[in-house]
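# Commentary on secondary and tertiary structure
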Amino acid sequence: MYGFTKELTLLSYVPKKKKTVQMISSMHHEESIDSTKSIPEIISFYNATKGGVDSLDEKCAKYTCARRSRRWPLVIFFRILDVAAANTFIISNYNSSKRMEFMKDLGRRLVTPQLERRYAIPQLSHELKSLMGRILGKDKPTGSNQQSTEILKFETLKNCYMCFKQKRRRTHYGCTVCGQPVCLQCSKPTCNNCR
């Protein structure tokens, strides 16, 4: 069955029992049947050209930024990001084996301006600020600040400056680079080769 308006054609086609295909086309404006396959021309044209849609869906499914969400605008935003990333990869002529590296680089470039803007906020917790600094490459120890093999130990208990205030962890130990008190849960032991 066909339905026509001034600009669109609606087709309802039943290829098998209990299976209906419905399509809208702005390109076809008459009832025409593909003689080689004996199906409507709208469906024949779609079958010949649908490979791009399937290929894009496959690329988006392989490397996606989508997360489960009940908020539909967020789901649409994730889909837009996936399609934009797939198109950017195609336009940039990257080697297909390096797509994961390209996606990581693209994500890093998209996030860096926001991280730099938030890194400048003085009210951020030290834990969050140090994490952002490591990602941005601003919190790397340099020459004179290299860790020593000596353990910094305080005589009195002090509050760990990395823990949240609610935990109230107290410690005798301190960071050998900055001298701040750090509990053993927040410090990372390393071997002498990694220091």
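For clarity, every value in this text was computed on a predicted model and none was experimentally measured.

Our next topic: the confidence of the model for the protein. Here the protein averages 82 in pLDDT, while 88% of its residues score no lower than 70. Summarising per-element confidence for the protein, the mean pLDDT is lowest in strand β6 (residues 152–159) (83) and highest in helix α3 (residues 72–91) (92). Segment residues 141–148: pLDDT under 50, and eight contacts once partners within four positions in sequence are set aside and those in other chains are kept.

Attention now goes to the sheet that holds strand β2 (residues 9–16). What the three strands build is an open sheet, ordered β1-β2-β3; its pairing is antiparallel. The open sheet has two free edges, formed respectively by β1 (2–4) and β3 (19–25), since each of these has just one partner strand. If you compare each strand with its neighbour and ignore which way they point, the axes differ by 15 degrees on average. Direction of pairing for β2 relative to β3: antiparallel, over a ladder of six bridges. Note that in β3 the partner of Tyr13 across the bridge is Val21. Contacting β1, β2 and β3, helix α1 (residues 41–49) crosses the sheet at an angle of about 85 degrees to β3.

We now examine the pairing of β2. For a regular strand, the rule is simple: side chains alternate between the two faces of the sheet. Two elements, β1 and β2, share three bridges in a ladder whose sense is antiparallel. Looking at β2, one finds that Tyr2 is bridged to Leu11. In this antiparallel pair of consecutive strands, β1 and β2, the connection spans four residues.

What counts and what doesn't
Residues numbered from 1 in each chain as written. Predicted model: local features only at pLDDT ≥ 70, side-chain atom pairs only at ≥ 80, totals over all residues. Heavy atoms only, no water. pLDDT = per-residue confidence, 0-100. Helix = DSSP H or I, 4+ residues; strand = E, 2+ residues; numbered from the N terminus. Contact = heavy atoms within 4.5 Å. Pairing = 2+ DSSP bridges. Axes fitted to C-alpha atoms, helices over the stretch in contact; angles between N-to-C directions.

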